[in-house]
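Analysis of the macromolecular model
Take a look at the letters that make up each chain.
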Amino acid sequence: MGLTPRLWAKVGRAWQSPTLRNLFYLYAVQAANYLFPLVTLPYLARVLGPEGFGKLALAQALSQYLYIVLEYGFSLSATREVARWRDRPEALQSILGGVLGARALLSLPAAGTALLALYLFPPLQGELGLIWGGFLLALGMSLSPVWFFQGMERMGAVALMEFFVRLLATLGVFSLVRSPAQVAWPLYLQALASLAVGFVGLAWAASLVGLRWPRFGEAWTWLKRGFGLFFFRAVVSLYTTANVLLVGLFLPPAQVALYAGAEKLTKALIPMWEPFSRLFLPRFSYLLEKSPREATWLAQRVGGMMLLLGLAAAGVLTYASPLLVRLLLGPGYEGAVPLMRILAWMLPLVALSNFLGIQWMLAQKMDRPFNAIIFAAGLLNVALALLVVPRYGALGMAWVVVLSEAWVTGAMLGYLWWRGRLPWRPYEG
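First things first, this report covers the structure right here in the doc. If you're wondering where the values come from, they're calculated on a predicted model, not measured in any experiment. (Residues numbered from 1 in each chain as written. Predicted model: local features only at pLDDT ≥ 70, side-chain atom pairs only at ≥ 80, totals over all residues. Heavy atoms only, no water.)

Description of the overall build of the protein chain
- Scanning the protein chain from terminus to terminus reveals 17 helices and zero strands.
- With 429 residues in all, the protein chain has 55% of them scored as buried.
- In the protein chain, the share of contacts with a sequence separation of at least 24, taken over all contacts with a separation of at least 6, comes to 82%.
- With an accessible surface of roughly 19200 Å², the protein chain has 69% of that area assigned to carbon and sulfur atoms. (Helix = DSSP H or I, 4+ residues; strand = E, 2+ residues; numbered from the N terminus. Buried < 20%, exposed > 50% of the residue type's maximum accessible area, 1.4 Å probe, protein only. Contact = heavy atoms within 4.5 Å. Areas by Shrake-Rupley, 256 points an atom, 1.4 Å probe, with all protein chains shown as cover.)

Okay, structure coming up:
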């Protein structure tokens, strides 16, 4: 009995920390973006059947790829600028307008890419409803103002709004999608939720700092400023988001469904690393400048914790994959089990490369070698997939993904060792 008041007192003191509050809100946003679609996975896999589910998965992968274009790395680059100028409303107004203008310019190539997919992917040929739904979903996600409020350290309301609006969209999927003929409806429901969050959030941001019509010069400046991080995200997508698209180039929708189902179940755990990146990248950047010894101490603990979590997740998924496939995908998806057992082992690799790359290398401004490693991994993934998937199908794609992740982790360790900057070694600047 006596422990309870003390426990709540500790929780209350911890909640006073802006860093911990932001971490909680970031996880709420991650849950809205990734957990809710996972909740609908068992239902859609059964209602749509393997062929319809394969088409939907391909359209969702296309949407994620378009979102990478529209997001343009602003969740990192623009957040950094908002944090820097948070006490100057006129500067924040310029940032907000510049980012919106940049995304308006990016919407044109994104729309063109969406239409091109009608001809590139056999399962999507003639499926204009899926293509349009994927584009609207990407556009809606790109309007989210989370980056702005994260920089302001005022994420509470917008994060909770995003959580509950996406919860309504999830309930809409269960209520409205009843047959394979409604294969595009989940995309439109999620797009509607994203657009609602985006417009309400932007209206709130405008009420704080004002909003003016985006200027072409500001938009172009932001495109140039954010290109480095956009390049990183785009190249990463060559061995993450592009995998379902690569499978869709060669395999029928039912086979795409098996790979996409295994990947969705496995990668559902990967977003748990992103809040670590957003939280510790600025922290390591500060400590490496002010207190390198403390940075090393923190890096050892953060890196070790992420690696242990990744290994534990891989072990659980490997053991439980038959049960998870049976419960979450259902009859007809048994072929996803061996795929999931292979893909599970990318989790510790992703955890370690996330820490070494995004948190440690970028904090030390090693952008160029970091991008070179990611670029090489993307090319390796695509080249191997083009060679392997036509012959070995989805199983070959799973092995390609793990090999690409292993390359990223090994290359980062090798470069940091060569530079004498491994995070568990004392670093004095």
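Section: the layout of surface pockets
- Here the second largest pocket defines a volume of roughly 320 Å³.
- If you go around the second largest pocket, you meet 18 residues; those closest to its centre are L100, G101, R103, A104 and P214.
- When residues of the lining of the second largest pocket are traced back to their parent elements, those giving at least two are α4 (89-120), α5 (128-142), α8 (185-209) and α9 (216-225).
- Its residues placed into classes, the lining of the second largest pocket shows 13 nonpolar, two polar and three charged. (1 Å grid on protein atoms, 1.4 Å probe; cavity = no way out; pocket = protein on both sides within 12 Å on 5 of 7 lines; lining within 4 Å. Points joined across faces, edges and corners; volume = space filled by probe spheres on them. Nonpolar A, V, L, I, M, F, W, Y, C, P; charged D, E, K, R; others polar.)

Thoughts on the pattern of salt bridges
- Under the defined criterion, the tally for this structure stands at three salt bridges.
- Among the ionic pairs, E127 bridges to K55, the shortest N-O distance being 3.1 Å. In this pair, E127 sits in the loop between α4 and α5 while K55 sits in helix α2 (residues 18-71), placing the two residues 72 residues apart along the sequence.
- As a salt-bridge pair, E90 and R88 come within 3.2 Å of each other at their nearest N and O atoms. (Salt bridge = Lys/Arg side-chain N within 4 Å of Asp/Glu carboxyl O.)

Some details on the environment of A313
- Within the secondary structure, A313 sits in helix α14 (residues 292-328).
- For A313, a relative accessible area of 11% gives the class buried.
- Along the primary structure A313 and P348 are separated by 35 residues, whereas in three dimensions their C-alpha atoms are 7.9 Å apart.
- Beyond its immediate sequence surroundings of up to four residues, A313 is in contact with L269 and L347.

Some details on helix α12 (residues 253-267)
- In this model α12 runs 20 Å from its N-terminal to its C-terminal C-alpha over 15 residues, within 8% of the 21 Å that 1.5 Å per residue would give.
- Of all 15 residues in α12, twelve are buried, a share of seventy percent or more.
- Looking at α12, one finds that the buried residues are P253, V256, A257, L258, Y259, A260, G261, A262, E263, L265, T266 and K267. (Expected span 1.5 Å × (residues − 1).)

A closer look at the nonpolar core
- Core analysis: the largest hydrophobic core is formed by 97 residues, its most contacted members being F148, Y259 and M397.
- Among the elements that line this core, the one with the most residues is α2, at 17 residues.
- Excluding residues that lie within four positions of it along the chain, F148 makes contacts with V82, L92, L96, A205 and V209.
- Grouped together as the second largest cluster of nonpolar side chains are 36 residues, A299, M306, Y415 and L416 included. (Core = buried A, V, L, I, M, F, W, Y, C linked by side-chain atoms within 4.5 Å.)

Things to note about the side chain of K267
- Relative to the helices and strands, K267 is located in helix α12.
- Residues in contact with K267, not counting those within four places in the same chain, are Y239, T240, N243 and M346.

A closer look at a nonpolar patch on the surface
- Taken together, the side chains of L116, L120, L249, F250 and L386 present a nonpolar region at the surface, about 420 Å² in accessible area.
- Those elements that provide at least two residues to the nonpolar patch are α4 and α11 (242-250).
- Here L249 falls in the partly exposed class, since its relative accessible area comes to 33%. (Patch = residues over 30% accessible without salt bridge, like charges linked within 9 Å, V, L, I, M, F, W, Y side chains within 5 Å.)

Notes on the packing of aromatic side chains
- In this structure the tally under the stated criterion is nine aromatic pairs.
- Ring centres of F227 and F230 lie 6.3 Å apart, and the angle between their planes is 55°; this geometry places the pair in the tilted category. Taken together, the residues F227 and F230, both in helix α10 (residues 227-237) and three residues apart, mark about one turn of the helix.
- Considering the side-chain rings of Y415 and W418, the 5.8 Å spacing of their centres and the 55° angle between planes classify their relative orientation as tilted. Of the two residues, Y415 and W418 are both situated in helix α17 (residues 367-419); the distance of three residues between them amounts to about one turn of the helix.
- A residue is classified by how much of its surface remains accessible, and W418, at 61% relative accessible area, is exposed.
- An aromatic cluster of three or more residues is present, and its members are Y72, F74, W222, F227 and F230. (Phe/Tyr/Trp six-rings, centres within 6.5 Å; stacked < 30°, edge-to-face > 60°.)

Examining the packing of α4 against α9
- Contact geometry for α4 and α9: axes closest at 7 Å, N-to-C directions at 80°. Judged by the inter-axis angle, α4 sits roughly perpendicular to α9. Across the interface between the two elements, S94, I95, G98, V99, G101, A102, L105 and L106 of α4 pack against F216, E218, A219, W222 and L223 of α9.
- When the residues that make up the contact of α4 with α9 are grouped by side-chain class, the tally is nine nonpolar, three polar and one charged. (Axes fitted to C-alpha atoms, helices over the stretch in contact; angles between N-to-C directions. Parallel < 35°, antiparallel > 145°, perpendicular 65-115°, else oblique.)

As for the environment of G378
- Position of G378 relative to the elements: it lies in helix α17.
- Accessibility expressed as a relative area gives 0% for G378, which makes it buried.
- Measuring from C-alpha to C-alpha, the distance between G378 and L238 comes to 4.7 Å, with 140 residues separating the pair along the chain.
- Excluding residues that lie within four positions of it along the chain, G378 makes contacts with V235, L238 and Y239.

Details of the environment of P390
- Take P390: it is sitting in helix α17.
- Using a relative accessible area of 49% as the deciding quantity, one classes P390 as partly exposed.
- Along the backbone, P390 and F250 are 140 residues apart, and their C-alpha atoms lie at a distance of 6.1 Å.
- For P390, the residues in contact, after removing those within four places along its chain, are F250 and A385.

Section: the side chain of E71
- Position of E71 relative to the elements: it lies in helix α2.
- Buried and unpaired, E71 has R103 as its nearest opposite-charge partner, separated by 4.2 Å.
- Not counting chain neighbours up to four residues away, the residues in contact with E71 comprise R103 and R233. (Lys, Arg positive; Asp, Glu negative; His and termini not counted.)

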